[in-house]
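Residues per chain, in single letters:
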Amino acid sequence: MILQIIKLKSNLPEDELLKRAKEREPQFQAIPGLIQKYYVKTDQSGEYGGIYVWDSPESLKSYRQSDLAKSIPEAYEINEVPNIEIMDILFQLRK
């Protein structure tokens, strides 16, 4: 499994950002290979993120090339280049 962590900065008010995220939720639910996605907020003003768990590197690659992934900067009015980290999950504590 693959863990992808994205942190982004947006000028949108939190309620508007959450509204847009909820509207896009069905599109993310339909992504092949996406096991889970967590929507998060950091302690930095205007900084939010997504924590994705993928079944394979191929699923992540396919998503990153998709129109949905490419639409994120515009959808959330990102004002800086997002910070993206990719990690291999070695094992999990709970199943």
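Described in the following lines is the structure provided in the data block. (Residues numbered from 1 in each chain as written. Predicted model: local features only at pLDDT ≥ 70, side-chain atom pairs only at ≥ 80, totals over all residues. Heavy atoms only, no water.)

1. Structural notes on unusual backbone geometry
Definition in use: A run of H or I in DSSP counts as a helix once it spans at least four residues, and a run of E counts as a strand once it spans at least two, with each numbered from the N terminus. In this scheme, a residue with accessible area under 20% of its type's maximum is buried, one over 50% is exposed, and one in between is partly exposed, where area comes from a 1.4 Å probe on protein chains only.
Despite not being glycine, Glu-77 has its phi angle at roughly 45 degrees, a positive value. Position of Glu-77 relative to the elements: it lies in the loop between helix H4 (72-75) and strand E4 (83-88). For Glu-77, a relative accessible area of 38% corresponds to the partly exposed category.

2. With respect to the side chain of Ser-56
To be explicit about the condition: Any pair of nitrogen or oxygen atoms within 3.5 Å is treated as a polar contact; in protein, a donor-acceptor pairing is required on top of that, and neighbouring residues in sequence qualify only through side-chain atoms on both sides.
Note on placement: Ser-56 falls in the loop between strand E3 (47-54) and helix H2 (57-64). Side-chain polar atoms of Ser-56 contact the side chain of Asp-55, separated by 3.2 Å.

3. Digging into the side chain of Lys-37
For clarity, the threshold we go by: Counted as positive: Lys and Arg. Counted as negative: Asp and Glu. His and the chain ends are not counted at all. When a carboxyl oxygen of Asp or Glu is within 4 Å of a side-chain nitrogen of Lys or Arg, the pair counts as a salt bridge. Contacts were defined at the residue level, with two residues in contact if any of their heavy atoms lie within 4.5 Å.
Within the secondary structure, Lys-37 sits in strand E2 (residues 34-41). Glu-25 is the oppositely charged side chain nearest to the buried, salt-bridge-free Lys-37, at an N-O distance of 9.4 Å. Looking at Lys-37, its side chain comes within polar contact range of the side chain of Tyr-52, at 3.2 Å. Not counting residues within four places of it along the chain, the set of residues in contact with Lys-37 comprises Phe-28, Gly-50, Ile-51 and Tyr-52.

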